[in-house]
There are 2 protein chains.
Amino acid sequence: MPKKRIAVDMDEVIARVVPKFLDIFEEQNNYRPTDTELHGKKVYHLPGGENIRKKLHDPGFFADLPVMPHSQEVLRNLHEHYEIYIVTAAQEFRNALPDKHDWLQKHFPFIHWKNYVFCGDKSIILADYLIDDHVFNLETFQGKGLLFSASHNLDENRFTRVNDWLEIQTFFNQQIDTH
Amino acid sequence: MPKKRIAVDMDEVIARVVPKFLDIFEEQNNYRPTDTELHGKKVYHLPGGENIRKKLHDPGFFADLPVMPHSQEVLRNLHEHYEIYIVTAAQEFRNALPDKHDWLQKHFPFIHWKNYVFCGDKSIILADYLIDDHVFNLETFQGKGLLFSASHNLDENRFTRVNDWLEIQTFFNQQIDTH
């Protein structure tokens, strides 16, 4: 039986963007937003954060993002049983493209470049599972979507929610068991 | 009815790579290979061409490629009736990523960046049609594949062949007529 395929988003799923946004916000506004202020929102939706999103166009912005906890070990495990594709909506930011490539090579060397997909609209993706923090990507996906928790999606309840990579490991352990 | 979706390869379909390869070959070997020598092959498969493929890693290689004749006018027409995605296996060459992005913005400004897909293995692509010069991409595609003629695929007969963009226009005119 061919391996089933898992498509994995990058930003806020394997790469942490929010801490960098919060640092920039704090530098510009002299305070750090609370989780309560961020509930249901992104940092650049807060008053005082309007100009932060344009930083995504800067060369290097995506180069030094921290890795999401446990994503490396869990993806390394899943890689044994599934085809793993990294599917990131990167095309709005042309300077992000080589940075994201380098970041994946550095932090996820066991995933082949053949399995990188830098796209825009993810409705083009054919896979069995998609792990993503954006509801609009899961809405158009034809397989099983897993919603990775992020401040902006906390009130969403239409998809299977995973709060961290250990929960993803548990979810797929159950899938393997029921094959 | 939602628009059907056409995935379009870049190199040797909308962007001409072979003339640049031939220029490099000629510079290195003091002669230009004939069509007969190239039949069933790529330039870098010829004796004397072995080192040409690594030029694809050079920044700028993809920046100044000529546009395939009639691809702009035909894609502009098809864009009215179909969703057009540009799907290119770009991930082997990290320096190609921004060059390809800039090239698309310059030569196909009517195609939105949301519809760019820079991938490796194209079996991840969900679309109704794929226009590609590589048989291995059509083999794993679940929709209708159109083989765009190139020296290396001339002996292939498993797919609907299109020799140029005017033939692609004709093919899709017939699809629209029979909707």
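What you are looking at is a predicted structure, and each value in this text was computed from that prediction instead of being measured.

Draft legend 1. Fine view of the pairing of strand β5 (residues 144-148) of chain A. All names here are of chain A. The buried fraction of β5 is high, at 4 of 5 residues. Pairing of strand β4 (residues 129-132) with β5, which is carried by 4 bridges, proceeds in the parallel orientation. Within β5, the residue paired with Tyr129 across the bridge is Lys144. Where β5 meets strand β6 (residues 160-162), 3 bridges bridge the pair, whose relative direction is parallel. Counterpart to Leu147 in the pairing with β6 is Arg161.

Draft legend 2. Just the confidence of the model for chain A, in detail. The pLDDT averaged across chain A works out to 96; a share of 98% of its residues lies at or above 70. Model confidence for the complex is summarised by a pTM of 0.96, with the ipTM given as 0.95.

Draft legend 3. Inspection of helix α1 (residues 18-29) of chain A at higher detail. Residue and element names in this part refer to chain A. For α1, which comprises 12 residues, the first-to-last C-alpha distance of 16 Å matches the rise-based estimate of 16 Å (1.5 Å per residue) to within 8%. Looking only at α1, the buried set comprises Phe21, Leu22, Ile24 and Phe25. Taken down its axis, α1 places every buried residue within 160° of arc, on the same side. Against the buried residues of α1 lie α2 (35-38). Asn30, located one to two residues past α1, shows a positive phi value of around 60°.

Draft legend 4. The packing of helix α4 (residues 96-107) of chain A against helix α4 (residues 96-107) of chain B, seen in detail. Viewed as axis vectors pointing N to C, α4 of chain A and α4 of chain B meet at an angle of 150°, and their least axial separation amounts to 7 Å. Here α4 of chain B runs roughly antiparallel to α4 of chain A, going by the angle between their axes. By crossing handedness, the relation of α4 of chain A to α4 of chain B is classed as right-handed. Note on element contacts: α4 of chain B touches α4 of chain A through Leu97, Pro98 and His101 of chain B, opposite Leu97, Pro98 and His101 of chain A. Tallied by class, residues from the contact of α4 of chain A with α4 of chain B come to 4 nonpolar, 2 polar and no charged.

Draft legend 5. Region of interest: the packing of aromatic side chains. Per the counting criterion, the structure on display carries 28 aromatic pairs over all chains. Taking the centre distance of 5.8 Å and the plane angle of 35° together, the rings of Trp103 of chain A and Phe108 of chain A count as tilted. Taking the relative accessible area as the measure of exposure, Phe108 of chain A reaches 0% and is therefore buried. Through a chain of ring-to-ring contacts, three or more aromatic side chains come together here, namely Phe21, Tyr44, Phe61, Phe62 and Phe93 of chain A. Seen from the ring of Phe62 of chain B, Lys100 of chain B lies directly overhead, with NZ or CZ sitting 4.6 Å from the centre.

Draft legend 6. Molecular detail of helix α3 (residues 71-78) of chain B. Considered for burial, the residues of α3 of chain B that qualify are Ser71, Val74, Leu75 and Leu78 of chain B. Down the axis of α3 of chain B, the sector holding all buried residues measures 95°, keeping them to one side.

Draft legend 7. Structural detail: the interface of chain B and chain A. Residue-level contacts link 23 residues of chain B with 23 residues of chain A. Here chain B packs against chain A, burying approximately 2,400 Å² in sum over the two surfaces, 60% of which is carbon and sulfur. At the junction of chain B and chain A, the tally comes to 2 salt bridges. Residue Asp102 of chain A is joined to Arg94 of chain B by a salt bridge in which the shortest nitrogen-to-oxygen separation is 2.4 Å. At the surface where chain B touches chain A, the tally comes to 13 residue pairs in polar contact (both at pLDDT 80 or more). Listing elements by their share of the side of chain B that touches chain A, those giving two or more residues are α4 and β3 (116-119) of chain B.

How each quantity is defined
Residues numbered from 1 in each chain as written. Chains lettered and ligands numbered in written order. Predicted model: local features only at pLDDT ≥ 70, side-chain atom pairs only at ≥ 80, totals over all residues. Heavy atoms only, no water. Buried < 20%, exposed > 50% of the residue type's maximum accessible area, 1.4 Å probe, protein only. Helix = DSSP H or I, 4+ residues; strand = E, 2+ residues; numbered from the N terminus. Pairing = 2+ DSSP bridges. pLDDT = per-residue confidence, 0-100. Expected span 1.5 Å × (residues − 1). Arc of directions from axis to C-beta. Contact = heavy atoms within 4.5 Å. Axes fitted to C-alpha atoms, helices over the stretch in contact; angles between N-to-C directions. Parallel < 35°, antiparallel > 145°, perpendicular 65-115°, else oblique. Left-handed = near helix turned anticlockwise from the far one by under 90°. Nonpolar A, V, L, I, M, F, W, Y, C, P; charged D, E, K, R; others polar. Phe/Tyr/Trp six-rings, centres within 6.5 Å; stacked < 30°, edge-to-face > 60°. Lys NZ or Arg CZ within 6 Å of the ring centre and 35° of its normal. Buried area = accessible area lost by both parts, 1.4 Å probe. Salt bridge = Lys/Arg side-chain N within 4 Å of Asp/Glu carboxyl O. Polar contact = N/O pair within 3.5 Å; in protein donor to acceptor, adjacent residues only side chain to side chain.

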